[in-house]
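Descriptive structure summary
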Amino acid sequence: ILYCLEEALRISQRCSGAEKVCLVFDLSDFGLKSMDYEVVKRLIIVLANYYPERLGQVLLWNAPIVFSGFWQIISPFIDPVTFRKIRFVDDAALMANIDRSVMPVEVLATLGLGHRSTLRRASPRTQC
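The sections below set out a description of the structure shown in this document. (Residues numbered from 1 in each chain as written. Predicted model: local features only at pLDDT ≥ 70, side-chain atom pairs only at ≥ 80, totals over all residues. Heavy atoms only, no water.)

1. Observations concerning the overall build of the chain
Looking only at helices and strands, one finds six helices and three strands in the chain. Mapped from its N terminus to its C terminus, the chain presents α and β elements in the order α-β-α-β-α-α-β-α-α. When burial is assessed residue by residue, the chain has 30% of its 128 residues classed as buried. Surface exposure of the chain reaches about 8,500 Å², of which carbon and sulfur atoms provide 57%. (Helix = DSSP H or I, 4+ residues; strand = E, 2+ residues; numbered from the N terminus. Buried < 20%, exposed > 50% of the residue type's maximum accessible area, 1.4 Å probe, protein only. Areas by Shrake-Rupley, 256 points an atom, 1.4 Å probe, with all protein chains shown as cover.)

2. Some thoughts on the packing of aromatic side chains
Counted under the stated rule, the structure contains seven aromatic pairs. Aromatic side chains Phe30 and Phe67 sit 5.0 Å apart centroid to centroid with 85 degrees between the ring planes, which places their arrangement in the edge-to-face category. With Phe30 in the loop between strand 1 (21-26) and helix 2 (37-50) and Phe67 in helix 3 (residues 66-74), this pair connects stretches of sequence that are 37 residues apart. Their ring planes at 25 degrees and their centres at 5.9 Å tell us that Trp71 and Phe83 sit as a pair that is stacked. Pair noted here: Trp71 is in helix 3 and Phe83 is in helix 4 (residues 80-83), with a separation of 12 residues, a long-range link. (Phe/Tyr/Trp six-rings, centres within 6.5 Å; stacked < 30°, edge-to-face > 60°.)

3. What about the sheet that holds strand 2 (residues 55-61)?
What holds strands together in a sheet is hydrogen bonding between their backbones, with the strands either parallel or antiparallel. An order of 1-2-3 is seen for the three strands of this open sheet, with the pairing classed as parallel. Pairing within the sheet leaves two strands with one partner each, and these edge strands are strand 1 and strand 3 (86-89). Across the sheet, the mean angle separating the axes of adjacent strands is 25 degrees when strand polarity is ignored. (Pairing = 2+ DSSP bridges. Axes fitted to C-alpha atoms, helices over the stretch in contact; angles between N-to-C directions.)

4. Description of the packing of helix 2 against helix 3
Between helix 2 and helix 3, the shortest axis-to-axis distance is 11 Å and the interhelical angle comes to 55 degrees. Taken as axis vectors, helix 2 and helix 3 run oblique relative to one another. Once helix 2 is placed against helix 3, the crossing between them reads as right-handed. Residues Tyr37, Val40 and Ile44 of helix 2 pack against Phe70, Ile73 and Ile74 of helix 3. (Parallel < 35°, antiparallel > 145°, perpendicular 65-115°, else oblique. Left-handed = near helix turned anticlockwise from the far one by under 90°. Contact = heavy atoms within 4.5 Å.)

5. Some details on the nonpolar core
Residues Leu5, Leu47, Leu60, Phe67 and Trp71 are the most contacted members of the largest nonpolar core, which totals 20 residues. Listed by contribution, the elements that provide at least two residues to this core are helix 1 (2-16), strand 1, helix 2, strand 2 and helix 3. Those residues in contact with Leu5 that lie beyond four places of it in its chain are Val21, Leu23, Leu47 and Tyr51. Within the second largest apolar cluster, nine residues are counted, among which are Trp61, Ile98, Met103 and Leu111. (Core = buried A, V, L, I, M, F, W, Y, C linked by side-chain atoms within 4.5 Å.)

6. Some points on the pairing of strand 1
In this sheet, strand 2 lies alongside strand 1 in parallel orientation, the contact comprising six bridges. If you follow Leu23 over to strand 2, its bridge partner there is Val58. Taking the sense of rotation as the criterion, the β-α-β connection linking strand 1, helix 2 and strand 2 turns out right-handed. (Right-handed = clockwise from strand over helix to strand, strands pointing away.)

7. Description of the side chain of Gln57
Inspection of the secondary structure puts Gln57 in strand 2. A distance of 3.4 Å separates a polar atom in the side chain of Gln57 from a polar atom in the side chain of Arg87. (Polar contact = N/O pair within 3.5 Å; in protein donor to acceptor, adjacent residues only side chain to side chain.)

Okay, structure coming up:
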């Protein structure tokens, strides 16, 4: 996750001068085996302590009902400033928050905006 965050920051700064990023977590396959409290706790600490001004928003997409119990346990650990940047979103809200041109092909396919085999993945070098 941190590698992807650093790459996103580097590319967005180079391409558009943007200094904030939006993290999207697709939780559609989240289940009881996915509940790794230590990893999530560490991720929250890293985001709050090392990326407080770089984190624009966090979108939790397709959260299943089982995630609500996990959320109740981890949300008290989240810094209030970071907490205000987190939103649960459905497909429509995801489309409203993220430009289609930067969405991965897997997301576009999930949204019904093309089939994975016909969509082409843009390399980071060609996105700007």
